[in-house]
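Breakdown of the fold
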Amino acid sequence: MRPLLFALFSLALLVPITTARAQSSLSDQPDWTIESDFADAFLGNCAEAGDVNGDGYPDVLIGLRGYSNPESNEGRVDLYLGSASGLGSTPQWSQGLA
């Protein structure tokens, strides 16, 4: 089975919106994407983590509820750090939930 692809569009939660941007329509292109490296991990549960590393940019936690390692479907949560150019492409921190 192919890994799932998760796309995150601009949200006020993650990206400060200027007045000019607020008046424009939502883009049909994602600002940020990630792809699971594990089939059936089911990316998508997302929560704002605040500014975990104190750099002034919001960070995001993303859950993978079907992730298995070593327990079947134990789940995992990944932390992606924000920056001036957006969210990082690889998680800064990961934790299995078993």
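Reading the values: the criteria
- Residues numbered from 1 in each chain as written.
- Predicted model: local features only at pLDDT ≥ 70, side-chain atom pairs only at ≥ 80, totals over all residues.
- Heavy atoms only, no water.
- Buried < 20%, exposed > 50% of the residue type's maximum accessible area, 1.4 Å probe, protein only.
- Helix = DSSP H or I, 4+ residues; strand = E, 2+ residues; numbered from the N terminus.
- Pairing = 2+ DSSP bridges.
- Phe/Tyr/Trp six-rings, centres within 6.5 Å; stacked < 30°, edge-to-face > 60°.
- Lys NZ or Arg CZ within 6 Å of the ring centre and 35° of its normal.
- Core = buried A, V, L, I, M, F, W, Y, C linked by side-chain atoms within 4.5 Å.
- Contact = heavy atoms within 4.5 Å.
- pLDDT = per-residue confidence, 0-100.
- Lys, Arg positive; Asp, Glu negative; His and termini not counted.
- Salt bridge = Lys/Arg side-chain N within 4 Å of Asp/Glu carboxyl O.
- Polar contact = N/O pair within 3.5 Å; in protein donor to acceptor, adjacent residues only side chain to side chain.

For the rest of this paragraph, the subject is the pairing of strand β5 (residues 76-80). Counting buried positions over the 5 residues of β5 gives 5, a clear majority of the element. Alternating positions in β5 separate into two faces, R76, D78 and Y80 on one and V77 and L79 on the other, with burial throughout. By the bridge criterion, 5 bridges tie strand β4 (residues 59-64) to β5 in an arrangement that is antiparallel. Looking across to β5, one finds that I62 is bridged to D78. Taken together, the 4 bridges between β5 and strand β8 (residues 93-96) define a ladder with antiparallel strand orientation. Within the sheet, the bridge partner assigned to D78 lies in β8 and is S94.

Here the focus is the environment of D55. Looking at the element boundaries, D55 is found in the loop between β3 (43-50) and β4. C-alpha separation for the pair D55 and G82, spaced 27 residues apart in sequence, amounts to 8.5 Å.

Here we come to the packing of aromatic side chains. Enumeration according to the criterion identifies 1 aromatic pair in this entry. Between W32 and Y80 the ring centres are 5.1 Å apart and the planes differ by 75 degrees, which places this aromatic pair in the edge-to-face class. In this pair, W32 sits in strand β2 (residues 32-35) while Y80 sits in strand β5, placing the two residues 48 residues apart along the sequence. For the cation-ring pair, R76 lies above Y67, with the distance from its terminal atom to the ring centre recorded as 4.3 Å.

As a further point, take the nonpolar core. Core analysis: the biggest nonpolar cluster contains 10 residues, these being W32, I34, A41, L43, V60, I62, L64, Y67, Y80 and L87. If you list the elements that add at least two residues to this core, you get β2 and β4. Among the elements that line this core, the one with the most residues is β4, at 3 residues. Those residues in contact with L64 that lie beyond four places of it in its chain are S36, A41, F42, L43, G75, R76 and D78.

Averaged over every residue, the pLDDT of the protein chain is 75; residues scoring 70 or more account for 73%. Looking over the protein chain, one finds the lowest element-wise mean pLDDT in strand β1 (residues 5-8), namely 42, and the highest in strand β6 (residues 82-83), namely 94. Counting contacts from residues 1-21, a segment whose pLDDT is below 50, to residues more than four positions away or on other chains yields 40 contacts.

Let's shift gears to the side chain of E74. Relative to the elements of secondary structure, E74 occurs in the loop between β4 and β5. No salt bridge is formed by the buried E74, whose closest oppositely charged neighbour, R76, lies at an N-O distance of 8.6 Å. Polar side-chain contacts of E74 include one of 3.1 Å to the backbone nitrogen of E71.

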